[in-house]
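Residue-level listing of the chains:
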Amino acid sequence: MIKIKTIKNSRSEFFRQVYLAEFNRATGDNIKNVVRRLRDKGYEASTIRHKTTVLIRRPTDCEFKTFKSDLASLVQPRIGSMVLCSTTGNFWLLDNKGNQPGVFQKISEKDL
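These figures come from a predicted structure and were not determined experimentally. (Residues numbered from 1 in each chain as written. Predicted model: local features only at pLDDT ≥ 70, side-chain atom pairs only at ≥ 80, totals over all residues. Heavy atoms only, no water.)

1. Points about unusual backbone geometry
For the record, the criterion: Helix and strand assignments follow DSSP, with helices taken as H or I runs no shorter than four residues and strands as E runs no shorter than two, numbered in order from the N terminus. Accessible area is worked out with a 1.4 Å probe on protein chains only. A residue is then buried under 20% of its type maximum, exposed over 50%, and partly exposed in between.
In the Ramachandran plot, Arg25 falls in the positive-phi region, its phi being about 65° despite a non-glycine side chain. In this fold, Arg25 is placed in the loop between β1 (15-24) and α1 (31-40). By relative accessible area, Arg25 is classed as partly exposed at 41%. Of note, the phi angle at Asp29 is positive, near 50°, even though the residue is not glycine.

In structure tokens, the structure reads:
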């Protein structure tokens, strides 16, 4: 089980939600570049032990729609996919290989 530490400094008020994103076929096949690009866009991002998984904190001024499009731009357009997990218990799947490429599909508990 992954323990997510809460930030107890002055930066904590600038970040809203915590997400865990697992990438399959990230752009450039390099997870370090994904983390760098997320940081350049204003997100707080870091890798965890699992090599293709990134812990992301979304800023309070960032809309969820913008967040999803920023993540979708980090996945290879024809064969990439990713799973996004929120600390609220929500899950989304992005699969560019299927019939709805570039669309985040919410996974509900009844779908499991």
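Once you've had a look at it, read on.
2. A short note on the pattern of salt bridges
Condition: Think of a salt bridge as a Lys or Arg side-chain nitrogen and an Asp or Glu carboxyl oxygen that are within 4 Å of each other.
The full count for this structure, using the stated rule, is four salt bridges. A salt bridge links Asp40 to Arg36; its shortest N-O distance comes to 3.7 Å. Of this pair, Asp40 and Arg36 are both found in helix α1, four residues apart, which corresponds to roughly one turn of the helix. For Lys41, the salt bridge identified is with Asp70, shortest N-O distance 3.8 Å. Of this pair, Lys41 sits in the loop between α1 and β2 (44-47) while Asp70 sits in helix α2 (residues 64-72); the two residues are 29 residues apart in sequence, bridging distant segments of the chain.

3. Observations concerning the packing of aromatic side chains
Test applied: Side-chain rings of Phe, Tyr and Trp (the six-membered ring for Trp) are treated as a pair once their centres are within 6.5 Å; stacked means planes under 30 degrees apart, edge-to-face means over 60, and tilted covers the remaining angles.
Inspection of every chain in the model, using the stated rule, returns five aromatic pairs. Judged by centre distance (4.7 Å) and plane angle (35°), the rings of Tyr19 and Phe67 are tilted. Of this pair, Tyr19 sits in strand β1 while Phe67 is found in helix α2, placing the two residues 48 residues apart along the sequence. You'll find Tyr19 and Phe67 in the same group, each marked buried.

4. What about the environment of Leu74?
Let me state the cut-off plainly: In what follows, residue pairs with any heavy atoms lying within 4.5 Å of each other are defined as contacts.
Along the polypeptide, Leu74 turns up in the loop between α2 and β4 (81-86). The exposure class of Leu74 is buried, given its relative accessible area of 2%. A C-alpha to C-alpha distance of 8.8 Å links Leu74 and Phe23, two positions 51 residues apart in sequence. With sequence-adjacent residues up to four places away left out, Leu74 is seen in contact with Phe23, Ala26, Thr27, Val34, Arg37 and Leu38.

5. Overview of the nonpolar core
This is how the line gets drawn: By nonpolar core we mean a set of buried residues, namely Ala, Val, Leu, Ile, Met, Phe, Trp, Tyr and Cys, connected to one another through side-chain atoms within 4.5 Å.
Grouped together as the largest cluster of nonpolar side chains are 22 residues, with contacts concentrated most on Phe23, Leu38, Leu71, Met82 and Leu84. Ignoring any residue separated from it by four or fewer positions in sequence, one finds Leu71 in contact with Phe23, Leu38, Ile56, Met82, Leu84 and Phe104.

6. Let's talk about α1
Rules: By arc we mean the arc of the directions from the helix axis to the C-beta atoms, nothing more. Under the rule applied, a polar contact is a pair of N or O atoms within 3.5 Å (in protein, one hydrogen donor and one hydrogen acceptor; residues adjacent in sequence only if both atoms are side-chain atoms).
Those residues of α1 that fall on the buried side of the exposure criterion are Ile31, Val34, Val35 and Leu38. Taken end-on, α1 shows its buried residues confined to a sector of 95°, consistent with a single buried face. Along α1, the residues that are exposed and aim more than 90 degrees away from the buried face are Lys32 and Asp40. For α1, the side-chain oxygen to backbone nitrogen distance between the N-cap and Lys32 is 3.0 Å, and the N-cap itself is Asn30. In the segment just after α1, Gly42 is the residue with positive phi, at about 105°.

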